[in-house]
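# Residue-level structure breakdown
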Amino acid sequence: MRTYKHGGDVYSYDVEMDFSANINPLGMPESVKKAVQESIADCIHYPDPYCRDLTAGISKKENVPEEYILCGNGAADLIFRFVLAKRPKKALILAPSFSEYEGALAVGECEVSYYTLSNQNGFRLTEDFLHQITDEVDTVVLCNPNNPTGRLIEPELLEKVAEQCQKTNTFLFLDECFLDFMEDGNERSMKNKLADNSSLLILKAFTKMYGIPGLRLGYCLCSDKELIEKMRSASQSWAVSVPAQAAGVAALAETKFVENTIQLIKQEQHYLLSELRNIGIPCYPPSANYIFFKEEQGIYERLLKKGILIRSCHNYPGLEHGYFRIAIKSHEENEKLIQAIREVIKEGSIWQR
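Predicted model only: the values in this text are computed from it and were never measured.

Our focus in this paragraph is the packing of helix α1 (residues 30–39) against helix α8 (residues 242–251). Where α1 meets α8, the closest approach of the two axes is 8 Å, and the angle between their N-to-C directions is 150 degrees. As summarised for this structure, α1 and α8 are arranged roughly antiparallel, according to the angle between their axes. Where α1 crosses over α8, the handedness of that crossing is right-handed. Only Val242, Pro243, Ala246, Ala247, Ala250 and Ala251 of α8 make contact with α1, whose side of the interface consists of Ser31, Val32, Ala35, Val36 and Ser39. Looking at the contact of α1 with α8 residue by residue, the classes come out as 9 nonpolar, 2 polar and no charged.

Moving on: the pattern of salt bridges. If you walk through the whole model with that rule in mind, you get 20 salt bridges. Measuring nitrogen to oxygen at the nearest pair gives 3.6 Å for the salt bridge that ties Glu136 to Lys90. Of this pair, Glu136 sits in the loop between β4 (111–116) and β5 (139–143) while Lys90 sits in strand β3 (residues 90–95), and the two are 46 residues apart along the sequence. We note a salt bridge from Asp184 to Arg188, for which the minimum N-O separation is 3.1 Å. When salt bridges that share partners are traced, they join Lys61, Glu62, Asp180, Lys191 and Lys204 into one network.

Core analysis: the largest hydrophobic core is formed by 88 residues, its most contacted members being Phe129, Leu142, Phe206 and Ile310. In terms of residue count, helix α9 (residues 255–279) provides more of this core than any other element does, 8 residues in total. Ignoring sequence-local partners within four residues, the contact set of Ile310 consists of Phe19, Ser20, Phe293, Ile299, Tyr300, Leu303, Phe324, Arg325, Ile326 and Leu337. Core analysis: the next-biggest nonpolar cluster, separate from the first, contains 26 residues, Ala85, Ala104, Ile228 and Met231 among them.

By relative accessible area, Lys90 is classed as buried at 19%. Setting aside residues up to four positions removed in sequence, Lys90 forms contacts with Cys110, Glu111, Ser113, Glu136, Val137, Asp138 and Thr139.

One can describe the packing of helix α3 (residues 75–86) onto helix α7 (residues 225–233) by two numbers: an axis separation of 8 Å at closest approach and a directional angle of 110 degrees. Classified by the angle between their axes, α3 and α7 sit roughly perpendicular to one another. Relative to α7, α3 is oriented so that their crossing is right-handed. Contact with α3, carried on its side by Leu78, Arg81, Phe82, Ala85 and Lys86, involves Leu227, Lys230, Met231 and Arg232 of α7 and no other residues of that element.

Right, let's talk about helix α4 (residues 99–107) for a bit. For an α-helix, 3.6 residues make a turn, and residues three or four places apart therefore share a direction. Of the positions making up α4, those classed as buried are Ser99, Glu100, Tyr101, Ala104 and Leu105. In the core, the buried residues of α4 are packed alongside α3, β3, β4, β5 and β6 (171–175). Where α4 ends, the next residue or the one after it, Glu109, has phi of about 55 degrees, a positive value.

Spatially, the 7 strands line up as an open sheet ordered β2-β8-β7-β6-β5-β3-β4, and their pairing is mixed. The sheet is open, and its two edges are formed by β2 (69–72) and β4, each paired on a single side. Across the sheet, the mean angle separating the axes of adjacent strands is 20 degrees when strand polarity is ignored. Sheet analysis places β6 next to strand β7 (residues 200–205), joined by 4 bridges and oriented parallel. For Leu172, the partnering residue across the bridge sits in β7 and is Leu200.

Restricting attention to buried positions, one finds in helix α2 (residues 52–62) the residues Leu54, Thr55, Ile58, Ser59 and Glu62. Taken end-on, α2 shows its buried residues confined to a sector of 140 degrees, consistent with a single buried face. Counted as exposed and oriented over 90 degrees from the buried face of α2: Arg52, Asp53 and Lys60. Close packing links the buried residues of α2 with β2, β7, β8 (218–222) and α8. Asn63 sits one or two residues past α2 and shows a positive phi near 60 degrees.

All chains considered together, the criterion is met by 16 aromatic pairs. For the ring pair Phe82 and Phe171, a centre distance of 5.2 Å and an interplane angle of 40 degrees mean the geometry is tilted. Of this pair, Phe82 sits in helix α3 while Phe171 sits in strand β6; the two residues are 89 residues apart in sequence, bridging distant segments of the chain. Of the two residues, Phe82 and Phe171, neither departs from the other in class, the shared state being buried. Among the aromatic side chains, those forming a connected cluster through ring pairs are Phe82, Phe98, Tyr101, Phe171 and Phe173. If you follow Lys294 out to its NZ or CZ, it ends over the ring of Tyr323, 4.7 Å from the centre. Sitting above the plane of the Tyr290 ring, Arg325 keeps its charged end 5.8 Å from the centroid.

Now for the sheet that holds strand β9 (residues 290–294). Reading across from one edge, β9-β12-β11 is the order of the 3 strands in this open sheet, with antiparallel pairing throughout. Two strands in the sheet have a free side with no partner beyond their single neighbour: β9 and β11 (311–312). Strands in contact with α9 are β9 and β12 (323–327); relative to β9, the strand with the most contacts, it is inclined by about 10 degrees.

Within this structure, the stated rule accounts for 0 disulfides. Cys165 takes part in no disulfide bond, and the closest cysteine sulfur, belonging to Cys222, lies 13 Å away. Counting only cysteine sulfurs, Cys143 is the nearest neighbor of Cys177, a cysteine outside any disulfide, at a range of 7.1 Å. Note on Cys177: relative accessible area 9%, which makes it buried.

Reading guide: rules and limits
Residues numbered from 1 in each chain as written. Predicted model: local features only at pLDDT ≥ 70, side-chain atom pairs only at ≥ 80, totals over all residues. Heavy atoms only, no water. Axes fitted to C-alpha atoms, helices over the stretch in contact; angles between N-to-C directions. Helix = DSSP H or I, 4+ residues; strand = E, 2+ residues; numbered from the N terminus. Parallel < 35°, antiparallel > 145°, perpendicular 65-115°, else oblique. Left-handed = near helix turned anticlockwise from the far one by under 90°. Contact = heavy atoms within 4.5 Å. Nonpolar A, V, L, I, M, F, W, Y, C, P; charged D, E, K, R; others polar. Salt bridge = Lys/Arg side-chain N within 4 Å of Asp/Glu carboxyl O. Core = buried A, V, L, I, M, F, W, Y, C linked by side-chain atoms within 4.5 Å. Buried < 20%, exposed > 50% of the residue type's maximum accessible area, 1.4 Å probe, protein only. Pairing = 2+ DSSP bridges. Arc of directions from axis to C-beta. Phe/Tyr/Trp six-rings, centres within 6.5 Å; stacked < 30°, edge-to-face > 60°. Lys NZ or Arg CZ within 6 Å of the ring centre and 35° of its normal. Disulfide = S-S within 2.5 Å.

Below, the structure is given as structure tokens:
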């Protein structure tokens, strides 16, 4: 059987609770579900190739011009389209970070350099990273907050990274998909820099916040209109389906849903961190809807036997066996997870005697 490199593989195992994919615990908003259902009748037509209604809604939400926006078949689709359109020769990425960056760059036959984050400083990005951005590097890819570590890049450092990229004529590809789960996520976004920096692209997605990973819907923001058009051409014409476009338009109106989600994540983040630390599991300070931790007692396999799937992070560059990521879910589900973790650690301790 082929090894799946992401979370959310509920098809290969007998899973009762999936903590491996970082999806909103509130699920899909009813308005989004209704919009998808009602859109089925319109599936007799091709989708709007320019996603006009959706793009107009994103423009209003993000307060950026419509010509800065390109929608795609999920955020991953836009990562590949960027590589196909930009054709970078040498890219600098973090290790660990989201594997689709490396996968897309490999398809584009781009040389990849890694900046390995260190456990010694809690996997934080430091100013030493600036020295790695040289004239030889034509693309830097960053994820803020980073996946899987959940660590934020400090705003001052991110500003310096952007400035260094401009000095070295290096393009900055910035994945902000998980900022949506933060109270100050909008303020932390670099989108206010787009107008003055055409060498900056920001990646966003509907997937996580609105609970629609199966529909596939993402978008990017960039003031380089030529690049946007090249990325548009780097895919077939109808990349975003009729139901996905309808879902996106409905989701953009769900402001209260987003506020409730942020508060729930904040509350459950505190609960999980407290419980995991009481158990004796070292956790890294999270900024998104997931928690990154280290545990070496066969926790993954034992939880799987109980029908609980978590994300083993051993296949991320820069990590080894023993690092894991769990999504933050409802309080009831989180309580069940904590109880199961207590049981498997106790079982592991008995087995080791």
